[in-house]
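# Secondary and tertiary structure notes
Chain residues, written in single-letter form:
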Number of protein chains: 2
Amino acid sequence: MPPSISAPPVIILVETQMGENIGMCARAMLNCGLDQLRLVRPRDGWPNEKARATAAGANIVLDNAKVYEHIDEAIGDCQRVLAATARQRNLRIPGLNLREAVREIVDATPPPKTAILFGPEASGLDNDTLARADRLIHFPTNPDFPSLNLAQAVLLLSWEWRQSSPLESATIVNPDLPATREETNAYLARIEQALDNSQFFLTPERKPNIIRSLRTFVTRSNASHKELRMLHGVLTALIKN
Amino acid sequence: MPPSISAPPVIILVETQMGENIGMCARAMLNCGLDQLRLVRPRDGWPNEKARATAAGANIVLDNAKVYEHIDEAIGDCQRVLAATARQRNLRIPGLNLREAVREIVDATPPPKTAILFGPEASGLDNDTLARADRLIHFPTNPDFPSLNLAQAVLLLSWEWRQSSPLESATIVNPDLPATREETNAYLARIEQALDNSQFFLTPERKPNIIRSLRTFVTRSNASHKELRMLHGVLTALIKN
């Protein structure tokens, strides 16, 4: 019997350059039973006939793919965000091997709505996008020849997902829902506004780094809906001081 | 430290049609640290420039590939032979899922010299070749869209091989020093003072719960020394607003 997959993740391809690669990713996904694909600014537009040519019949994935202008819209309804990255980054985001990362999500109760981000073919995800992730996924390949192409990485992720069948039953209900990315972003936007109001950013160049650090910090903590309400209350109190 | 792979298997591609596919298999193998490739009657001859084009630099695998006229020569020095097959066959050869099949070999002592056979793109291995295998390897993909291409199958086999070796947890070490509890407490005390100043705690009973929630949130995020400095800066800006 095939493993039953509850709460399959959304695969998000960010600024993919070649339609062919999107098609091969769709095929790899459907081979492993994943069918939710989102695209952020695909270079050659969408729909894309070259994607269809390489999808080898995984048309349902392409037909249902959603396109977004900004990463925050693409992850807005997700509770956990993982990012595939090849390089060591100087970011305070926990890194996990692929199998561990999948295990962590699959074992979570209740299963969170999860997005997995994959960057452009040549450069991978930039730091601003990575700062939106709870976890960086590391693919433990051969250190002397480590580089997977996009469709290979998506295949391995999808495969590991399928192989890690979720635990039977054990539906432990956690009343405190994880915050969605939309809620987290709204909170960060409020802090940013407050900091603007108090001339915190002495020079404009400082701002992106500070905001990214704040985002990393809040995201890593994986705040619940209730905690975010509390943080909003604290912020309101501090501002009116 | 990368996992050590003892007795890496030989990958044998039987009557592969397209050179491009041989190249992509070589890449996938080397990505996972396998480098012994054997070819039985490749349709377009050998060497093959199209294979080099898709190998993405895995030239060492192609350069060392050996070519054979008959499968029996290709597997002559091997102690175990496994065959990848998509379809159920009417053969009395035990079938195992990919992960189980790899596990069985990796756990064997002493490690046997092992060959894994992959058939031509269109038809797969014929029954005569399968009859030489100790085990048939089944890839448990989506039953509604099961068919992997050759390079996908070789990647998954190579990947499972690499993962089945005892793995170090590759949790990425971050050079940024974690904050001490003393530093975290000092920060929380400052927020508490600021909230007191703004009459945030309408009733004294509310205070311990809120402070505890804040502490949980900040602690769980495992802030670094540097991040705490940033959070202090933010707090200062908000207070003076």
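See above for the structure.
This section reports on the structure supplied with the text. Numbering of residues starts from 1 in every chain and runs along the sequence as written. For naming, the first written chain is A and the first written ligand is 1, with later ones following in the order written. Totals for whole chains, interfaces and linings use all residues, but because this is a predicted model, local features are given only for residues with pLDDT of at least 70 and pairs of side-chain atoms are given and counted only at 80 or more. The side-chain numbers reported here are obtained from all heavy atoms of the structure, hydrogens and water having been left aside.

Next up on the list: the pairing of strand β6 (residues 114–118) of chain A. For a regular strand, side-chain orientation follows a simple rule: the groups alternate between the two sheet faces. Residue and element names in this part refer to chain A. Taken across its five residues, β6 has five buried, putting it largely inside the fold. Between buried and exposed lies partly exposed: a residue is buried under 20% and exposed over 50% of the maximum accessible area for its type, with that area taken using a 1.4 Å probe on protein chains only. The helix count covers DSSP runs of H or I at least four residues long, the strand count covers runs of E at least two residues long, and both are numbered beginning at the N terminus. Taking every second residue as pointing to the same face, both faces of β6 are buried, with T114, I116 and F118 on one and A115 and L117 on the other. In this description, strands pair whenever DSSP reports at least two bridges between them. Direction of pairing for strand β1 (residues 10–14) relative to β6: parallel, over a ladder of four bridges. When the bridges of β6 are listed, V10 appears paired with A115. Strand direction decides the pairing type here: strand β4 (residues 80–84) and β6, joined by four bridges, are parallel. Within the sheet, the bridge partner assigned to A83 lies in β6 and is L117.

Below, the discussion takes up the interface of chain A and chain B. Any two residues having at least one pair of non-hydrogen atoms within 4.5 Å are treated as being in contact. Taken together, the contact between chain A and chain B spans 64 residues of the former and 65 residues of the latter. Summing both partners gives a buried area of about 5,700 Å² for chain A against chain B, and 60% of it is carried by carbon and sulfur. We define a salt bridge as a contact between a side-chain nitrogen of Lys or Arg and a carboxyl oxygen of Asp or Glu at a distance within 4 Å. Seen at the junction of chain A and chain B, the total is three salt bridges. Note that R92 of chain A and E227 of chain B form a salt bridge whose closest N and O atoms lie 3.3 Å from each other. Distance and chemistry together define a polar contact, namely a pair of N or O atoms within 3.5 Å, with one atom able to donate a hydrogen and the other to accept it when in protein, and with adjacent residues in sequence counting only for side-chain atoms on both sides. Scanning the region where chain A abuts chain B turns up 23 residue pairs in polar contact (both at pLDDT 80 or more). Those elements that place two or more of their residues in the side of chain A that touches chain B are α1 (19–31), β5 (95–97), α5 (98–107), α7 (150–163), α8 (181–197), α9 (206–220) and α10 (225–239) of chain A. Considering each element in turn, the side of chain A that touches chain B owes the most residues, nine residues, to α10 of chain A. When residues are grouped by polarity, Ala, Val, Leu, Ile, Met, Phe, Trp, Tyr, Cys and Pro land in nonpolar, Asp, Glu, Lys and Arg in charged, and all others, Gly among them, in polar. Residue composition of the side of chain A that touches chain B, by class: 34 nonpolar, 21 polar and nine charged. As used here, buried area is the combined drop in accessible area, with a 1.4 Å probe, of two parts when they are placed together.

Our next topic: the sheet that holds β4 of chain A. Residues and elements named next belong to chain A. With respect to topology, seven strands assemble into an open sheet ordered β3-β2-β1-β6-β4-β7-β5, the strand pairing being parallel. Taken across any chain shown, the strands that pair with only one partner, and hence form the sheet edges, are β3 (66–68) and β5. Neighbour to neighbour, the strand axes of the sheet diverge by 30 degrees on average, direction disregarded. Where strand β2 (residues 37–40) meets β3, three bridges bridge the pair, whose relative direction is parallel. Bridged to V40 within β3 is Y68. Think of each axis as a best-fit line through the C-alpha atoms, taken over the contacting stretch in the case of a helix, with angles from 0 to 180 degrees between the N-to-C directions.

Bringing α1 of chain A into the picture now. Helix length check: α1 of chain A, at 13 residues, gives a terminal C-alpha distance of 19 Å against a target of 18 Å (1.5 Å per residue), a fit within 8%. α1 of chain A sits mainly inside the fold: 11 of its 13 residues count as buried. When α1 of chain A is considered as a whole, its buried residues turn out to be G19, N21, I22, G23, C25, A26, R27, A28, M29, L30 and N31 of chain A. Where α1 of chain A is buried, its residues meet β1, β2, α2 (49–54), α3 (59–63) and α7 of chain A together with α7 (150–164) of chain B. Positioned one or two residues after α1 of chain A, G33 of chain A has a phi angle of 85 degrees, which is positive. Expected helix span is given by 1.5 Å per residue-to-residue step, counting one fewer step than there are residues.

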